[in-house]
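# Tertiary structure, described
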Amino acid sequence: MLLAAAGVAAAIAVHAAVPAVPKLTAAVVLGMAAAHLPGLRPVVRGVARSGLSTAGKRLMRLGIVLLGLKLGLDDVLGLGWATVAMVLTVVAATFAGTLWLGRRLGLPGDQPLLVATGYSICGASAIGAVSQAAGSEEEDVASSVALVTLCGTLAIAVLPLLQHPLGLGELEFGRWVGASVHDVGQVVATAQTGGPGALREAVLVKLMRVVLLAPLVAGVAVVARRNLRSARRAAGDGAAKSGSRPPIVPLFVAGFLAMIVLRTTGVLPARALALAGDAQELLLAAALFGLGSAVHLPTMAKTGGRIALLGLGSWVVVAGVSYAGVLLTT
């Protein structure tokens with residue numbers, strides 16, 4: 001845990017030196033670097049592994065709960081039902097298309113599911129939430145986080161260059177960024193290049209996508225329960241009666257929804273929301289450092305071409321569908 005805290009401090013320093021690099025992106029990259037540096041590698045893969053894994057799971061859950069305080073239902077619904085329908089379409093098309101392509105490419109384990117989640121909802125935070133509902137292997141989670149973080153970071157440089165060639169005004173560009181970029185920090189870094197109006201629209205559309213995290217996790221949990229029940233039935237009646245089933249709505253998702261309701265009531269002062277936002281970033285940075293440290297590049301290289309193709313294909317889908325949606329709703 002001390003190593004994770006040091007990683008967070010280093011990520012903050014990187015963000016301070018290069019403001020275009022979000023703290024969460026820096027945390028993932030630093031975690032990956034720590035796992036491969038000769039001096040740190042034995043520590044990361046040895047005595048520190050248990051604590052880093054705990055950071056990647058438990059601190060991720062706490063960060064997701066606090067993420068709910070960024071959402072107010074009145075703000076999201078204020079965008080109008082046409083925008084809500086557009087976001088639902090983008091999320092559904094991206095999730096289904098990425099999941100289908102990942103399975104067609106033969107990616108192992110839960111990687112297709114996790115990458116589809118990260119691209120369609122909110123990057124590494126969504127991957128962390130769904131992986132815990134599905135009981136995914138740490139290696140699958142780490143590889144998916146690395147891919148989604150890389151592509152989201154590239155979006156910071158690529159999307160602003162496309163604003164004028166695609167004929168997008170300030171508000172249209174903001175909505176396109178909010179509907180197509182993965183992590184909230186990456187959305188802010190990308191949209192601010194289009195002006196304050198673009199930034200506001202991008203954040204609101206992005207947070208509308210984040211709202212969909214709860215039903216998606218619940219759906220994954222239902223499928224996990226059904227698969228576990230089938231596996232136990234196949235193993236025999238004795239096995240079917242033993243063990244516990246994943247909850248349909250995990251506790252941290254219930255906390256996430258409760259925070260949305262609390263934010264919507266307006267009872268929390270601005271100072272409390274600001275402190276909660278800072279705490280949420282620190283918790284997620286520590287969790288992402290822990291996940292990044294689980295990335296094993298030689299293992300990733302075995303599926304590197306396929307997972308890169310999945311990332312590119314999903315990027316085309318989310319950017320294309322969201323661009324069409326923005327044109328139809330503005």
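In what follows, the accompanying structure is described. (Residues numbered from 1 in each chain as written. Predicted model: local features only at pLDDT ≥ 70, side-chain atom pairs only at ≥ 80, totals over all residues. Heavy atoms only, no water.)

A tally of helices and strands in the protein chain yields 18 helices and zero strands. Radius of gyration (C-alpha) of the protein chain: 19 Å, near the 20 Å computed for a compact globule of 330 residues. C-alpha extents for the protein chain along the principal axes are approximately 60 × 50 × 45 Å. Out of the 330 residues belonging to the protein chain, those deemed buried represent 50%. (Helix = DSSP H or I, 4+ residues; strand = E, 2+ residues; numbered from the N terminus. Rg over C-alpha atoms; globule rule 2.2 N^0.38 Å. Buried < 20%, exposed > 50% of the residue type's maximum accessible area, 1.4 Å probe, protein only.)

A separate point is the environment of A26. Among the secondary structure elements, A26 is positioned in helix α2 (residues 23-34). Once you skip the residues sitting within four places of it in the chain, A26 turns out to touch A11, V14 and V21. (Contact = heavy atoms within 4.5 Å.)

Grouped together as the largest cluster of nonpolar side chains are 98 residues, with contacts concentrated most on I121, V145, V177, V210, F256 and L288. Apart from the residues within four sequence positions on either side, V210 is in contact with L67, L71, I121, C122, V184 and F256. (Core = buried A, V, L, I, M, F, W, Y, C linked by side-chain atoms within 4.5 Å.)

To continue, consider helix α6 (residues 81-104). Across its 24 residues, α6 extends 34 Å between first and last C-alpha, which sits within 8% of the 34 Å expected from 1.5 Å per residue. By the burial criterion, the buried members of α6 are T83, V84, M86, V87, V90, V91, T94, F95, T98, L99 and G102. Two residues or fewer past α6, G106 is found with a positive phi of approximately 75°. (Expected span 1.5 Å × (residues − 1).)

One simple way to see leftover space: roll a probe sized like a water molecule over the atoms. On inspection of all chains with the given rule, the structure shows one cavity of 30 Å³ or more. Taken as a whole, the largest cavity spans an internal volume of roughly 70 Å³. (1 Å grid on protein atoms, 1.4 Å probe; cavity = no way out; pocket = protein on both sides within 12 Å on 5 of 7 lines; lining within 4 Å. Points joined across faces, edges and corners; volume = space filled by probe spheres on them.)

Glancing now at the packing of helix α4 (residues 49-67) against helix α16 (residues 270-292). Each packed pair of helices is defined by two parameters, the angle between the axes and the distance between the axes. It is at 7 Å that the axes of α4 and α16 come closest, and there the two elements cross at 150°. Regarding α4 and α16, the two cross each other, and that crossing is left-handed. Counted together, R49, L52, A55, G56, L59, M60, L62, G63, I64, L66 and L67 of α4 and A276, A279, Q280, L283, L284, A286, A287, L288, F289, G290 and L291 of α16 form the full contact between these two elements. (Axes fitted to C-alpha atoms, helices over the stretch in contact; angles between N-to-C directions. Left-handed = near helix turned anticlockwise from the far one by under 90°.)

What follows concerns the side chain of S293. Mapped onto the elements of the fold, S293 is located in the loop between α16 and α17 (297-302). Polar contacts involving the side chain of S293 include one to the side chain of R49, which spans 3.3 Å. In contact with S293, not counting residues within four places along its chain, are G31, M32, A35, V44, R45, R49 and L52. (Polar contact = N/O pair within 3.5 Å; in protein donor to acceptor, adjacent residues only side chain to side chain.)

A surface patch of nonpolar side chains, about 440 Å² in accessible area, is lined by L150, L154, V158, L161 and L162. Within the element layout of this structure, V158 appears in helix α9 (residues 138-162). (Patch = residues over 30% accessible without salt bridge, like charges linked within 9 Å, V, L, I, M, F, W, Y side chains within 5 Å. Areas by Shrake-Rupley, 256 points an atom, 1.4 Å probe, with all protein chains shown as cover. Salt bridge = Lys/Arg side-chain N within 4 Å of Asp/Glu carboxyl O.)

With that settled, the discussion passes to helix α10 (residues 170-180). Burial analysis of α10 places eight of its 11 residues in the buried class, the great majority of the element. Every buried residue of α10 is listed here: F173, G174, R175, W176, V177, G178, A179 and S180.

Relative to the elements of secondary structure, P19 occurs in the loop between α1 (2-17) and α2. With 170 residues separating them in the primary sequence, P19 and A189 have C-alpha atoms 8.5 Å apart.

Tracing the sequence through the fold places R175 in helix α10. Using a relative accessible area of 12% as the deciding quantity, one classes R175 as buried. Here E201 takes part through its side chain, which lies 2.7 Å from a polar atom of the side chain of R175. Apart from residues no more than four positions distant in its own chain, R175 is found in contact with L79, T83, E201, A202, V205, V326, T329 and T330.

This part takes up the packing of α4 against helix α8 (residues 123-134). Relative orientation of the contacting elements α4 and α8 amounts to 115°, with a least axis distance of 10 Å. Handedness of the α4/α8 crossing: left-handed. Judged by residue contacts, G56, K57, M60, R61 and I64 of α4 engage A124, S125, G128, A129 and Q132 from α8. Broken down by class, the residue content of the contact of α4 with α8 amounts to four nonpolar, four polar and two charged. (Nonpolar A, V, L, I, M, F, W, Y, C, P; charged D, E, K, R; others polar.)

Now for the pattern of salt bridges. Counting across every chain of the model gives three salt bridges. Its salt-bridge partner being R49, residue E138 comes within 3.3 Å of it at the nearest N-O pair. Taken together, the residues E138 in helix α9 and R49 in helix α4 connect sequence positions 89 residues apart. Under the relative-accessibility criterion, E138 is labelled partly exposed at 23%. Looking at R49, the relative accessible area reads 16%, which means it is buried.

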